[in-house]
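# Notes for the structure review
Read off the chains here:
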Amino acid sequence: MVFFDIESKSNHLRDKLRRYLQKMGFKQYQESVWVIPYDCDNEIKYIREALNVPHAIKLAVVESLENDEDLRQWFGVGRE
């Protein structure tokens, strides 16, 4: 799960970030919250550096999420 807080005056950076995330296969879950069921640590580190926003983009590894059926359906993954 990636979430971000990039100020509105930097709208071009937010747009670039969204394009990167979409290309990587992320799905937008909420306005500034994107999800993917795959490891992406290195890619997110690269994006932070490329956009020069080291503290504005956060990565969370979520082990469990309530009511995640919609996400599982989006990505076509089942329970292990």
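Report follows, based on the coordinates. Everything numeric in this text was worked out from a predicted model, so none of it was measured.

Where helix α1 (residues 11-24) meets helix α2 (residues 41-51), the axes come as close as 11 Å, and the angle between the chain directions of the two elements is 155°. It follows that α1 is roughly antiparallel to α2 by the angle criterion. Viewed along their axes, α1 and α2 form a crossing whose handedness is right-handed. Contact residues: α1 offers Leu13, Lys16, Leu17, Tyr20, Leu21 and Met24, while α2 offers Glu43, Ile44, Ile47, Ala50 and Leu51. Considered class by class, the residues forming the contact of α1 with α2 number nine nonpolar, no polar and two charged.

What follows covers the packing of aromatic side chains. The tally for this structure, following the rule as stated, stands at one aromatic pair. Seen from their ring centres, tyrosine 29 and tryptophan 74 are 6.3 Å apart, and the 85° between their planes marks the pair as edge-to-face. Of the two residues, tyrosine 29 is situated in strand β2 (residues 27-30) and tryptophan 74 in helix α3 (residues 69-75); the sequence distance between them amounts to 45 residues. You can call tryptophan 74 partly exposed: its relative accessible area is 41%.

Moving on: the side chain of arginine 48. Mapped onto the fold, arginine 48 is located in helix α2. Of the side chains with opposite charge, glutamate 49 comes closest to the buried, unpaired arginine 48, at an N-O distance of 7.7 Å. For arginine 48, the residues in contact, after removing those within four places along its chain, are Val53, Pro54, Ile57, Lys58 and Leu59.

What follows is about the pattern of salt bridges. Inspection of every chain in the model, using the stated rule, returns three salt bridges. Measuring nitrogen to oxygen at the nearest pair gives 3.2 Å for the salt bridge that ties aspartate 15 to arginine 18. Note that aspartate 15 and arginine 18 are positioned in helix α1 at a spacing of three residues, about one turn of the helix. The class of aspartate 15 is partly exposed, set by a relative accessible area of 30%.

A separate point is unusual backbone geometry. With glycine set apart, most residues show a phi of negative sign, and most peptide bonds adopt trans. Even without glycine at this site, asparagine 52 takes up a positive phi of about 55°. Since its relative accessible area comes to 64%, asparagine 52 is described here as exposed. The backbone phi angle of asparagine 67 is positive, close to 50°, even though this residue is not glycine. In this fold, asparagine 67 is placed in the loop between β4 (57-59) and α3. When its relative accessible area of 60% is taken as the criterion, asparagine 67 is described as exposed.

Analysis parameters
- Residues numbered from 1 in each chain as written.
- Predicted model: local features only at pLDDT ≥ 70, side-chain atom pairs only at ≥ 80, totals over all residues.
- Heavy atoms only, no water.
- Axes fitted to C-alpha atoms, helices over the stretch in contact; angles between N-to-C directions.
- Helix = DSSP H or I, 4+ residues; strand = E, 2+ residues; numbered from the N terminus.
- Parallel < 35°, antiparallel > 145°, perpendicular 65-115°, else oblique.
- Left-handed = near helix turned anticlockwise from the far one by under 90°.
- Contact = heavy atoms within 4.5 Å.
- Nonpolar A, V, L, I, M, F, W, Y, C, P; charged D, E, K, R; others polar.
- Phe/Tyr/Trp six-rings, centres within 6.5 Å; stacked < 30°, edge-to-face > 60°.
- Buried < 20%, exposed > 50% of the residue type's maximum accessible area, 1.4 Å probe, protein only.
- Lys, Arg positive; Asp, Glu negative; His and termini not counted.
- Salt bridge = Lys/Arg side-chain N within 4 Å of Asp/Glu carboxyl O.

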